[in-house]
Amino acid sequence: MAAATNQAKPIGLLIAAMGGEGGGVLRQWLVDAAMAEGFAVQSTSIPGVAQRTGATTYYIEMQGPDGGDEGEVGARRPIMSLYPLAGSVDIMVASELIEAGRAMQNGFVTPNCTTLIASTHRVYAMAERTAMGDGRFDGAKVVAAAGNLAQQAVLFDMEAMAQEHNSVINSVLLGAIAGSKRLPIPVAGFEAAIRATGRAVEANLAAFRAGMAAVERGDLAALVPDDDLKRPWHADPPMVEELQHRVREEFPPPARAVLKEAVNRLFEYQNLAYAECFLQRLMPIERAELEAEGHGELVREAGRYLALWMSYEDVIRVAQAKLRPERQARIRREVGAKAGEPVRIREYLKPGLDEVTALLPGWIARPLLAAAEKAGWRDRLNIGMTVNSTALWGHFLLSTLASLRVLRPLGYRFKSEQVLIDQWIDNITRAAALDLDLAMEIAACQRLLKGYGQTHRHGWDSFNRIMTTLVTPALSGVGDSGADPRGAALTIALARDAALADPDGKSLGAALQSEPKAEIAAE
Amino acid sequence: MERSFAKEVKQLRLGQGDTFHGEGILAVTKALLQSGVSYVGGYQGAPISHLMDVLVDAEDLLSELGVHLETSTSEAAAAAMLGASINYPLRGAVTWKSTVGTNVASDALSNLASAGVTGGALMILGEDYGEGSSILQERTHAFATKSQMWLLDPRPDLETIVHMVEKGFELSEASNTPVMLELRIRACHVHGAFEASDNKAGTYNRNNVIAEPVHDFSRITLPPSTYAQEKHKIEVRMPEAIKFIRENQLNDHFEGDLDEVGIICMGGLYNATLRALVQAGLADATGNSRIPILALNVTYPLVADEISDFCAGKSAILMVEEGQPDYLEEAVNVILRKADLQTKVIGKGPLPMAGEYTAEVVLRGLAGFLEQVRPAGIDVEAATQPVRELDRHKARAAELLGDTLPARPPTFCTGCPERPLFSAIRILEKDIGPTHVSCDIGCHTFSTLPPFNLGHTVLGYGLGLASAAGVGPNFGKRVISVMGDGGFWHNGITNGVGSALFNKADGVLMVVKNGYTSATGWQYLPSTLRSRDGRSTGSSIEAVIKSMGARWLHNVPNYKVGSVMKSLRKALTGEDKGLRVLIADSECQLARQRRIKPEIAARLKNGERDVRTRFGVDEETCTGDRACIRLSGCPSLTIKANPDPLRDDPVTTILDSCVGCGLCGEVTHAAVLCPSFYKVDIVRNPNLWDRFKDGLHRKLLGDMARVRV
């Protein structure tokens, strides 16, 4: 006989999906459609515990009448594999971008034969979701790899398309498979399979056709960059026109968009004077950068972080945010409430000692906090409440809090924050004279001031540790860090990442220990 | 079971001339009915759950055939059931997840194997090994050899599987020995086809009962019978089995044009082996291989002369045997030695000792074998080319993707009632410090994964409390044991609660009660509100524990993290010693959604009022420290690109998949996190009062807004 008189191999189709995405149904559709064509078909899966939102795979092999028989059982039926084998996967389907990456990592996408069909939307993995900073995997890498490794790559946001047709992603995936024309199955065959399941048939057919059309048009959107999703919070109030004018006149182009937004935000946060104070604070930095022949990146970044710091989240800020007129509309959109469907919104608030003392004058707040700290009550004294902001009383409560805005400057926290802000600004300005990167890194440390209550105090702690152990020596010119501002910049960046690596400051501690080493590495 | 298998049950009714299309494990179920079984039992677990699930829905069919179905409360109970086949000509089959289930069943199995059987006794074992497995990695083979029970490992296509089930009963009867049939995960879930034949009723069954008991002391496992039984195994049963296997040609011999080498593989690995050969250009897709193959559909006992005949005249054979130890490779070597054959047996080496044999693993093993033997008539370079390409290709992919991709381990479902319990433990830890947590088997084992990373040991199903017996007294704090209701009824009552009370243990037991064995697919339990026939069995975990003498017993409302913490704090720090039991009683959310979704849809269709609840996060006040996610991990609580032009770090958000369980809100309160969470009630088909209230509020709030400006 000698090997392989008949080299026809079954078509291999591997589906990578996550629990609850209808991967099983997609498998069934493909099997039904292929069987209707008289194909010999085999499929298998490894559901296991992956049903619980983990990653899983389905594998299908099919061979048409030309590949041996009429698909009859018993006849010279091809022996089909239960395992996909890298190098002979003809169609690789992934219901999510990282799963497509995983498939490529496992070698299942090869230039000799694989059509990769994957949705570019992201379902973030636990590690990405729990990271304190930004732990997201760079999807662009996967897209680039797909272009390199696949014979043909079909990539677009199939989840969004599924939602458009209020269907599930599996029907868009099926459409994309049909559109890719890699299976010798007529469109009618797939549609019949969808009909046969008898559930949400019309929606699924619409999504299926949309998916197919998208592939045939070939106008497949790549990833949407984060910046395209950013939108200003505020329309310009007329009162800030003069400040906006100053932004245009006195600040370099790269910084203007950010500063414009910042001015609006701080006006809403406190008042015109406060917004003006913001620009005032930036002036020295702007000058320092100019002298250091910077192009406005520093003033942009410093402005960004300064605005965030100056609009720190206190109960007043929170109440303001909860009462913003656009908010209800946004929430109705989010939860898909139809017109005429009443919506009740209950806010989960738990103001504690920190929040209250923030608004009291220092001579009351300080002793109170000290006493509470001593008694170990600092995190115990708080009142949990759910406030219905769509009802009269709740709304009244929130507007009362918001109206405390005028008293804010008398409060303990406001005063102390202003002092700290000025120190920080001063540090950035002085650093700019030494090295712009150093100034940048010092400015970026504001990122650590996150959250509320305990979390916020922890952020504070990290911020201070970096300022005292790294920034001060670097600026005073003492020690190795003083000698090498660029090295200091790197060390600060590393320390900041470390501070965001875990919620209990372990990594930061380690980073500050190994600080000299990091500097040597930088040299 | 909140799911219907009506469609599958139809397949079970097929007869002569029909073609069955479906899943491997369902084909086995059909084969049991074609073999005329009188009773079926088992304990659910991937990958064999559906065998039981489908039969549970096939009540009518079973009563027509007089088949008794026992949804056993443990594998031990299922195995003991096979005792029916010892004295009586009753064919019976049981099923469970191996090897953990076989461990539980072993006591009964050893006795059964020693006594021997009259009626065919078959065990369908889901070999939960390799990718998709949820248990420790061991082989069933050892159980078969230690007790002399025959082990079938059929080629993974439906015809062969069905054929081996039917032959398995004959083999069992011909050799008076219980028979195991092992199916790997992918084989259980493989969808294929086979020619059905009519279902048969057993000679004796529920509709035609046995009249007289049979007493035969030689069947009792008590000396001196036991000595005779051991001899009988070796002198009679084994030779009979080997004779049957040879005469019925249960193993498949595939010719090839190369006689210098050969491949002996487990039946279950035949398809992977063939695919590897195809890739290496040494076979075609329809099974014509240049290298002869002996596929062992029976991996114990081996037929010595079958092996030596196959190897005779070959310089080397490749032994494709998955898992370790390498029982088959050793056995084959002994057979060849005794037959004084010099054929080299090459297996573990080119093939890995441990781990699943995927098509790729076998391909690499084949390449290694060919490079070592370099048989005449094979272009080794060409045959091993695919492996080199694969390596190059993977290296390229790794380089393009750069850093490793984030893993995606399983986790609690959206709105799972078990998640809040572990949130509570984590938050409480901040205050009273961490303690030892001894886990159990079930969905709650996911507590050991991120974000909770809670739990220090997993010792087996229902053994959560038992596995704390040694730690507790030697640990500085009171330790926590977790046990699901599944584990409780499986054996947690006796080995856990009974033993703890008897030994005056001082510790905390958290019984996670969600009404089903959820991890295996929502099978009913003795304490499930509805039982198989829709009525309640009335078994109550609380009542059992009380009646056993436990004094400290609290029911905790899962989703109220605050009160769970309160009870837990009491339990962990309370003065008086003793076993403290917390019962967290809340229905499995997945099952619940399955049940209520159609109800809600119907209500909305009839224009009836319905309030949908879901949660949200304010992107303006969320500063993205993720404390909320680290204390929950709910799939619907995730992140998105930050829409704020001033911020870069992603912002927390809640997806529309939210079922409104309220955990995230509870956590923000219990752990004092941030004010960004809100709960939304959407009133669908609002009544007049809803509309009036809504209108009024809108009006007043509108006025207030105007006043404020």
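K.L.:
Can you walk me through the side chain of E329(B) in this structure?
P.N.:
Residues and elements named next belong to chain B. Mapped onto the fold, E329 is located in helix α14 (residues 327–338). Engagement of the side chain of E329 in a polar contact is seen with the backbone nitrogen of K348, the distance being 3.0 Å. Apart from the residues lying within four places of it in its own chain, the contact partners of E329 are M319, E321, V345, G347 and K348.

K.L.:
Help me understand unusual backbone geometry, please; the structure alone is not making it clear to me.
P.N.:
Among all residues save glycine, negative phi is the norm, and among peptide bonds the norm is trans. Residues and elements named next belong to chain B. The omega angle of the peptide bond from P223 to P224 is 5 degrees, so this bond is cis rather than trans. Inspection of the secondary structure puts P224 in the loop between β8 (191–195) and α11 (225–247). The omega angle of the peptide bond from P450 to P451 is 5 degrees, so this bond is cis rather than trans. Relative to the elements of secondary structure, P451 occurs in the loop between β15 (437–439) and β16 (457–458).

K.L.:
How should the packing of helix α7 (residues 187–197) of chain A against helix α8 (residues 201–217) of chain A be read in this particular structure?
P.N.:
Packed helices, taken two at a time, are described by the angle between their axes plus the distance between the axes. All names here are of chain A. Two elements in contact, α7 and α8, have axes whose closest approach is 9 Å; the angle formed by their N-to-C orientations is 150 degrees. Overall, the two elements α7 and α8 adopt an arrangement that is roughly antiparallel. Note on packing geometry: the crossing formed by α7 with α8 is right-handed. Of the residues in α8, those touching α7 at V187, F190, E191, I194 and R195 are V201, N204, L205, F208, R209 and M212. By residue class, the composition of the contact of α7 with α8 is seven nonpolar, one polar and three charged.

K.L.:
I would appreciate a short explanation of helix α20 (residues 561–573) of chain B in the present structure.
P.N.:
The α-helix advances 3.6 residues per turn, and as a result positions three or four apart in sequence lie on the same side. Residue and element names in this part refer to chain B. Over its 13 residues, α20 extends 18 Å from the first C-alpha to the last, a length consistent with the 18 Å expected when each residue adds 1.5 Å. Every buried residue belonging to α20 is among V561, V564, M565, S567, L568, A571 and L572, and all of these are buried. Each buried residue of α20 lies within a common arc of 165 degrees when the element is viewed along its axis, so the set occupies one face. Where the residues of α20 are buried, they touch α17 (419–432), β17 (480–484), β18 (507–513), β21 (552–556), β22 (579–585) and α23 (663–670).

K.L.:
What is the right way to read the pairing of strand β2 (residues 39–42) of chain B from this model?
P.N.:
A regular strand places its side chains so that they alternate between the two faces of the sheet. Residues and elements named next belong to chain B. Because side chains alternate across β2, one face comprises the buried residues Y39 and G41, and the other comprises V40 and G42, equally buried. Pairing between β2 and strand β3 (residues 68–71): four bridges, direction parallel. Bridge pairing in β3 places G42 opposite T71. As defined by bridge partners, β2 adjoins strand β4 (residues 92–98) across four bridges and the pair is classed as parallel. Paired with G42 across the two strands is T95, which belongs to β4.

K.L.:
How should I be thinking about the domain arrangement of chain A in this particular structure?
P.N.:
Many descriptions give the size of an interface as the accessible area lost when the pieces come together. Residues and elements named next belong to chain A. The domain architecture assigned to chain A consists of domain 1 (11–224), domain 2 (315–412) and domain 3 (435–523). Residue-level contacts link five residues of domain 2 with four residues of domain 3. Buried area between domain 2 and domain 3, both sides added, is near 350 Å², and the carbon and sulfur share of it is 36%. Here domain 2 and domain 3 share one salt bridge between them. Salt-bridge contacts for D354 lead to R457; the nearest nitrogen and oxygen are separated by 2.6 Å. On inspection of domain 2 and its partner domain 3, the count reaches one residue pair in polar contact (both at pLDDT 80 or more). A breakdown of the residues in the side of domain 2 that touches domain 3 according to their chemical character gives one nonpolar, no polar and four charged.

K.L.:
Honestly, the pattern of salt bridges in this entry has me stumped. Any pointers?
P.N.:
Residues and elements named next belong to chain B. Counted by the stated rule, this structure contains 86 salt bridges over all chains. Notably, a salt bridge pairs R139 with E321, separated by 2.7 Å at the nearest N-O pair. Placement of R139 in the loop between β5 (121–127) and α8 (141–147) and of E321 in the loop between β13 (316–320) and α14 is noted, with a sequence separation of 182 residues between them. There is no split in this pair, since R139 and E321 are both buried. A salt bridge links K560 to E666, with the shortest nitrogen-to-oxygen separation between them at 3.6 Å. Here K560 is found in the loop between β21 and α20, whereas its partner E666 is found in helix α23, with 106 residues between them in sequence. Take K560: its relative accessible area is 44%, and that puts it in the partly exposed class.

Cut-off values and rules
- Residues numbered from 1 in each chain as written.
- Chains lettered and ligands numbered in written order.
- Predicted model: local features only at pLDDT ≥ 70, side-chain atom pairs only at ≥ 80, totals over all residues.
- Heavy atoms only, no water.
- Helix = DSSP H or I, 4+ residues; strand = E, 2+ residues; numbered from the N terminus.
- Polar contact = N/O pair within 3.5 Å; in protein donor to acceptor, adjacent residues only side chain to side chain.
- Contact = heavy atoms within 4.5 Å.
- Axes fitted to C-alpha atoms, helices over the stretch in contact; angles between N-to-C directions.
- Parallel < 35°, antiparallel > 145°, perpendicular 65-115°, else oblique.
- Left-handed = near helix turned anticlockwise from the far one by under 90°.
- Nonpolar A, V, L, I, M, F, W, Y, C, P; charged D, E, K, R; others polar.
- Expected span 1.5 Å × (residues − 1).
- Buried < 20%, exposed > 50% of the residue type's maximum accessible area, 1.4 Å probe, protein only.
- Arc of directions from axis to C-beta.
- Pairing = 2+ DSSP bridges.
- Domains from an automatic or database assignment.
- Buried area = accessible area lost by both parts, 1.4 Å probe.
- Salt bridge = Lys/Arg side-chain N within 4 Å of Asp/Glu carboxyl O.

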